[in-house]
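Next come the chains, spelled out residue by residue.
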Amino acid sequence: MKLPELTIGSFTARIPIIQGGMSVRVSTSALAVPVAECGGIGTIGGSGIPVPELQEDIRRAKAATTGVIAVNIMYAMRNFYELVMGSIEAGVDVIITGAGFSRDIFRIGKEHKVPIISIVSSPDFAKLAERFGAAAIVVESAEAGGHLGTDKPLREIFPAVRKVVSKVPLIAAGGITDGFEMAELMDQYGADGIQIASRFVLSEECSVSQEFKEVYLRAQKEDIVNVQSPVGMTGRAIRTPFIDQLERGEDVAPDKCKYKCLKHCSYKYCINDRLTASCTGDVANGLVFSGANTYKMKEILPVKEIFRQFVRDAESVYKEGGEKI
C-alpha cells in the first residue's frame, strides 16, 4: 500500500522520511536538497557552525529546491537563540531541536510561522512538547547516533510516547536501516513517519570526506561504542584511535577553548574540533558519530536510490501487519 504523506504545520512531505540533521557539517545543503527533491524533509545540521555560514547554506538549499528544508539546532548550543533567529531570517521551513528543552522556541516559532519539531526520548517531554506547541515530535531512541537522551530501545520507548501524543505527527528515530522497519514502525507502532541519519552518510551526495565514509563501511557491530560527550550526554560513535585515547584516560583536552560553543562543557576534549577532523578526513583524531546499526550498511548509494529502496520495501508490506502495539 502507498505510504501516506507527512504534514508538519503548513508543509507536506510526499514521503514520510525526515533526514536527520547531523553536525558539524555532515548534513549540509548538499545532502538536504536531494532529500527534499525526493519528497522527504531535508535537514541541515545547524549546530557548531557560525550563523552566517548556516544562513548561507539554508539560502543555498532554498534556492535549489521547492521541497521542505529544515535545520536541526541543539538547545545545548550557547548561541541557540542566534542560530534559531538566523535560520528564520534565512527562510528555513522547519526547525528541529533536541539535546535539551526550550519553551521559548515554541513562542518564536508561532510568532514567525515556522513549525517546531521537538526531539524527545521520554513520554514526559513528549507531553510537554505537544502542550507547548510542537508541530511534530521525533521519538529518538537508544539506537540513534550522536547524543543520546535514553538507554531504551525504540520499540520499547515509542509505544509509551504514542499513548500520550495524539494531536501532532509522531516520528520514530533510531537505528532504522530499511523500508521494512519503516513499515513496521508505521503500521504496527503507529508512527507517522521516520527520521534516519546514518544511512544518508553513506550517500553519494553527503559532503563528508571519503575517509569518514570508509569508517562507516568498515564498521563491525563491536566497533560502535558509547562515549562521553563534553556536552554532558552520552554519544554513540564508531571506534577510532581518538576514542582509544579517551578510554585509556589520556589527556586530549585542548590548550584553550576556541569556540565557546556550548552552554555547559566539560572541556575534556573539543567536540567541535573532533567532529570537524573526521568530517574533513582526519578520522584518526576525529569523532565519528553513528547509529547502532551502521554496521549493517555496506554500500554508498545516491539519495534517490536510498529513497527508492526504502519506499519500495515499505510499500511492499505496509498495512499488512496486525494490530497496533
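Residues numbered from 1 in each chain as written. Predicted model: local features only at pLDDT ≥ 70, side-chain atom pairs only at ≥ 80, totals over all residues. Heavy atoms only, no water.

Undergrad: Tell me what's going on with the pattern of salt bridges, and back it up with residues and numbers.
TA: Applying the stated criterion to the full structure yields 14 salt bridges. In this structure, Arg248 engages Glu250 in a salt bridge whose closest nitrogen and oxygen atoms are separated by 2.7 Å. Take Glu250: its relative accessible area is 33%, and that puts it in the partly exposed class. Between Asp313 and Arg312 there is a salt bridge; the shortest N-O distance is 2.9 Å. Judged by relative accessible area, Arg312 falls into the partly exposed class, the value being 42%. Three or more residues are tied together by salt bridges with common partners; here these are Glu56, Asp57 and Arg60. (Salt bridge = Lys/Arg side-chain N within 4 Å of Asp/Glu carboxyl O. Buried < 20%, exposed > 50% of the residue type's maximum accessible area, 1.4 Å probe, protein only.)

Undergrad: Outline the packing of helix 7 (residues 179-187) against helix 12 (residues 303-317), supporting the account with residue identities and numerical values.
TA: Between helix 7 and helix 12, the shortest axis-to-axis distance is 7 Å and the interhelical angle comes to 45°. Considered as vectors, helix 7 and helix 12 are oriented oblique to each other. For the crossing formed where helix 7 meets helix 12, the hand is right-handed. For the pair helix 7 and helix 12, contact is made by Gly179, Phe180, Met182, Ala183 and Asp187 and by Phe310, Asp313, Ala314, Ser316 and Val317, respectively. Tallied by class, the residues present in the contact of helix 7 with helix 12 amount to six nonpolar, two polar and two charged. (Axes fitted to C-alpha atoms, helices over the stretch in contact; angles between N-to-C directions. Helix = DSSP H or I, 4+ residues; strand = E, 2+ residues; numbered from the N terminus. Parallel < 35°, antiparallel > 145°, perpendicular 65-115°, else oblique. Left-handed = near helix turned anticlockwise from the far one by under 90°. Contact = heavy atoms within 4.5 Å. Nonpolar A, V, L, I, M, F, W, Y, C, P; charged D, E, K, R; others polar.)

Undergrad: Could you give me a rundown of the nonpolar core, with the residues and numbers involved?
TA: Membership of the largest hydrophobic core comes to 100 residues, with the highest contact counts inside it found for Ile17, Ile137, Phe200 and Leu287. The element best represented in this core is helix 12, accounting for six residues. Setting aside residues up to four positions removed in sequence, Leu287 forms contacts with Val227, Ala237, Phe242, Ile243, Tyr269, Ile271, Arg274, Leu275 and Ser278. Among the nonpolar cores identified, the runner-up in size contains 16 residues, and Leu6, Ile8, Val68 and Ile171 belong to it. (Core = buried A, V, L, I, M, F, W, Y, C linked by side-chain atoms within 4.5 Å.)

Undergrad: Describe the side chain of Ser198, and please don't skip the residues or the numbers.
TA: For Ser198, the location among the structural elements is in helix 8 (residues 198-201). For Ser198, a relative accessible area of 12% puts it in the buried group. There is a polar contact of 2.8 Å between the side chain of Ser198 and the backbone nitrogen of Gly291. Discounting residues that sit within four places of it in the chain, Ser198 has contacts with Met22, Tyr216, Ser290, Gly291, Thr294 and Met297. (Polar contact = N/O pair within 3.5 Å; in protein donor to acceptor, adjacent residues only side chain to side chain.)

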